[in-house]
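A closer look at the structure
Chain residues, written in single-letter form:
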Amino acid sequence: AENPVHDLSIELEGKVARDGHRFANQQWEFIEKKQRTCIGFIVDHMPDQLELALKTRVTVSAWPKHDGIPVPEFPPQFDKSYVADTLHQSRLADKSTDVPSISIG
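What you see is a predicted model; the values in this text were computed from it and never measured. (Residues numbered from 1 in each chain as written. Predicted model: local features only at pLDDT ≥ 70, side-chain atom pairs only at ≥ 80, totals over all residues. Heavy atoms only, no water.)

Some remarks on the overall build of the chain
The number of helices and strands found in the chain is two helices and zero strands. Computed over C-alpha atoms, the radius of gyration of the chain comes to 19 Å, more than 25% over the 13 Å expected from 2.2 N^0.38 for 105 residues, which places it beyond the range of a compact globule. With respect to the principal axes defined by its C-alpha atoms, the chain has extents near 55 × 45 × 30 Å. By residue count, 13% of the 105 residues in the chain fall in the buried class. For the chain, the proportion of contacts with a sequence separation of at least 24, taken over those separated by at least 6, is 52%. By element, 56% of the accessible surface of the chain is carried by carbon and sulfur atoms, the whole surface being about 9,500 Å². If you average the places of the 12 positive and of the 16 negative side-chain charges in the chain, the two averages end up 10 Å apart. (Helix = DSSP H or I, 4+ residues; strand = E, 2+ residues; numbered from the N terminus. Rg over C-alpha atoms; globule rule 2.2 N^0.38 Å. Buried < 20%, exposed > 50% of the residue type's maximum accessible area, 1.4 Å probe, protein only. Contact = heavy atoms within 4.5 Å. Areas by Shrake-Rupley, 256 points an atom, 1.4 Å probe, with all protein chains shown as cover. Lys, Arg positive; Asp, Glu negative; His and termini not counted. Charge placed at Lys NZ, Arg CZ, Asp CG, Glu CD.)

In structure tokens form, the structure reads like this:
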């Protein structure tokens, strides 16, 4: 194929989706921890092309404004209570068409 597709999107529900959210929470916690230090503050203000003698370089460039209102620097952490009342989370929901999935992260 001349133009192979290397990007894939998928929408999941249930436990595997919550695992994905928890994985993303861990990733953002690492980024926030690194950027909130004094060194993180300095690195955040350095040009990206500048090489550093650090194991990791983590910065968040900028989140776009929402309706002209600045948003927090880091996204809110996911909590399963956000979806606790959804139909799919109910023990009464028909899950006969669900596909078993294993989350690995």
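Quick notes on the side chain of Asn25
By the element assignment, Asn25 lies in helix α1 (residues 15-35). Residues in contact with Asn25, not counting those within four places in the same chain, are Gln77 and Phe78.

Brief notes about the environment of Val99
Here Val99 lies in the segment after α2 (38-44). Counting along the chain gives 64 residues from Val99 to Gln35, while the straight-line C-alpha distance between them is 39 Å.

Quick look at the pattern of salt bridges
With the rule as written, the count across this model stands at two salt bridges. With a shortest N-O distance of 2.9 Å, Arg36 and Glu32 are connected by a salt bridge. Its relative accessible area of 26% is what places Glu32 among the partly exposed residues. (Salt bridge = Lys/Arg side-chain N within 4 Å of Asp/Glu carboxyl O.)

Notes on the layout of surface pockets
If you add up the space inside the second largest pocket, you get close to 170 Å³. In this structure, the second largest pocket is lined by Lys34, Gln35, Thr37, Ile39, Gly40, Val43, Leu54, Lys55, Thr56, Arg57 and Val58. Among the elements of the structure, α1 and α2 are those that each provide at least two residues to the lining of the second largest pocket. For the lining of the second largest pocket, the class distribution of residues is four nonpolar, four polar and three charged. (1 Å grid on protein atoms, 1.4 Å probe; cavity = no way out; pocket = protein on both sides within 12 Å on 5 of 7 lines; lining within 4 Å. Points joined across faces, edges and corners; volume = space filled by probe spheres on them. Nonpolar A, V, L, I, M, F, W, Y, C, P; charged D, E, K, R; others polar.)

A closer look at a negative patch on the surface
There is a patch of like negative charges on the surface, built from Glu11, Glu13, Asp94 and Asp98. Topologically, Glu11 is positioned in the segment before α1. (Patch = residues over 30% accessible without salt bridge, like charges linked within 9 Å, V, L, I, M, F, W, Y side chains within 5 Å.)

What about α1?
When the terminal C-alpha atoms of α1 are compared, their 30 Å separation across 21 residues agrees well with the 30 Å that a helix rising 1.5 Å per residue should span. If you follow the buried residues of α1, they end up packed against α2. (Expected span 1.5 Å × (residues − 1).)

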